[in-house]
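A closer look at the structure
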Amino acid sequence: MKIICIGRNYIDHAKELNNPIPKEPVFFLKPDTALLQNRVPFIYPGFTKDLHHEVEIVVKINKIGKHIEERFAHKYYNEISVGVDFTARDVQQLCKEKGLPWEKAKAFDGSAPTGKFIPISEFQDINKLEFSIQINGETRQKGNTQDMIFNINQIIAYVSQFVTLKIGDYIFTGTPAGVSSVKIDDKIDCFIEDKKLLSFNVK
Ligand code: MG
């Protein structure tokens with residue numbers, strides 16, 4: 001499986017990192033080794049001094065597809081969760097300055113902890129969903145999918161023009177404003193509405 005991540009999908013987050021508001025979705029990939037499954041806790045990587053959390057809604061693809069039209073995109077998923085797109089912000093900044101790819105900063109082992117998936121039928125409207133991250137019990141970042149620049153169906157339509165989506169692929173749909181540093185011994189909990197779907201420690 002692969003993990004597709006959307007960047008700069010919330011205006012407030014693009015602004016906080018001094019990035020332009022995109023006219024089309026920005027995406028990048030993480031390998032399956034970025035999953036945290038069976039490898040909890042998350043180990044703070046030695047190559048960064050500024051590891052940021054980015055809490056994001058994650059969509060799981062359940063059907064193979066290429067060139068998916070937006071109006072049919074809803075047929076390609078029926079479960080969502082919440083995840084953390086861990087980012088070595090200092091490393092990413094150096095990559096950006098040199099015009100280099102971001103993978104060192106984004107795609108490292110364990111960089112995509114993802115929670116339990118929930119059928120979308122359990123939510124009233126996935127385009128109006130609150131999600132959040134707590135660090136040591138304190139809410140650090142909170143967003144609502146209604147503030148996405150590109151919604152889930154638009155993302156699927158766009159990405160599938162370039163990359164075939166396969167069963168079991170994840171799409172991280174972008175982070176709202178409020179990214180900040182995590183530290184060793186932090187306890188991280190992520191929620192959709194009031195459902196806690198992901199919980200782990202940083203070691
Ligand atoms: Mg992100």
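Values in this document were obtained by computation on a predicted structure and should not be read as measured data. (Residues numbered from 1 in each chain as written. Predicted model: local features only at pLDDT ≥ 70, side-chain atom pairs only at ≥ 80, totals over all residues. Heavy atoms only, no water.)

Concerning the pattern of salt bridges
With the rule as written, the count across this model stands at eleven salt bridges. Between Lys2 and Asp169 there is a salt bridge; the shortest N-O distance is 2.6 Å. One end of the pair, Lys2, is in the segment before strand 1 (3-7); the other, Asp169, is in the loop between helix 4 (152-159) and strand 10 (170-172), and 167 residues separate them in sequence. What emerges from the salt-bridge pattern is a single network uniting Lys30, Glu54, Asp85, Arg89 and Lys106. (Salt bridge = Lys/Arg side-chain N within 4 Å of Asp/Glu carboxyl O. Helix = DSSP H or I, 4+ residues; strand = E, 2+ residues; numbered from the N terminus.)

Overview of the coordination of the magnesium ion
On the protein side, the magnesium ion has Glu54 (OE), Glu56 (OE) and Asp85 (OD) as donor atoms, found 2.0 to 2.1 Å from it. The sequence motif formed by the donor residues of the magnesium ion is E-x1-E-x28-D. You can see Glu56 sitting in strand 4 (residues 55-61) and its partner Asp85 sitting in the loop between strand 5 (77-84) and strand 6 (87-88), a full 29 residues away along the chain. Both residues of the pair, Glu56 and Asp85, belong to the buried class. (Donors = N, O, S within 2.8 Å, 3.2 Å for Na, K, Ca; no water. Buried < 20%, exposed > 50% of the residue type's maximum accessible area, 1.4 Å probe, protein only.)

Things to note about empty space enclosed by the protein
Counted according to the given criterion, the structure contains one cavity of 30 Å³ or more. Each pocket or cavity is described by its volume, and for the largest cavity that value is around 100 Å³. Together, 16 residues line the largest cavity, and Gly7, Arg8, His13, Glu54 and Lys106 are the ones closest to its centre. In terms of residue count, the dominant contributor to the lining of the largest cavity is helix 2 (residues 89-98) (three residues). A per-class count over the lining of the largest cavity returns four nonpolar, six polar and six charged. (1 Å grid on protein atoms, 1.4 Å probe; cavity = no way out; pocket = protein on both sides within 12 Å on 5 of 7 lines; lining within 4 Å. Points joined across faces, edges and corners; volume = space filled by probe spheres on them. Nonpolar A, V, L, I, M, F, W, Y, C, P; charged D, E, K, R; others polar.)

Some words on the nonpolar core
Counting 45 residues, the largest nonpolar core has Phe86, Ile156, Ile171 and Ile188 as its most contacted members. Of all elements in the fold, only strand 1, strand 4, strand 5, strand 8 (130-135), helix 4, strand 12 (187-192) and strand 13 (195-201) reach the threshold of two or more residues within this core. In terms of residue count, the dominant contributor to this core is helix 4 (five residues). With residues near it in sequence (within four places) discarded, Ile156 still touches Ile61, Ile68, Ala73, Tyr77, Leu165 and Ile171. (Core = buried A, V, L, I, M, F, W, Y, C linked by side-chain atoms within 4.5 Å. Contact = heavy atoms within 4.5 Å.)

Re the pairing of strand 5
Burial analysis of strand 5 places six of its eight residues in the buried class, the great majority of the element. Here strand 4 runs beside strand 5; their pairing, made up of seven bridges, is antiparallel. Note on strand 5: the bridge partner recorded for Val58 is Ser81. Pairing of strand 5 with strand 7 (residues 118-119), which is carried by two bridges, proceeds in the antiparallel orientation. For Glu79, the partnering residue across the bridge sits in strand 7 and is Pro119. (Pairing = 2+ DSSP bridges.)

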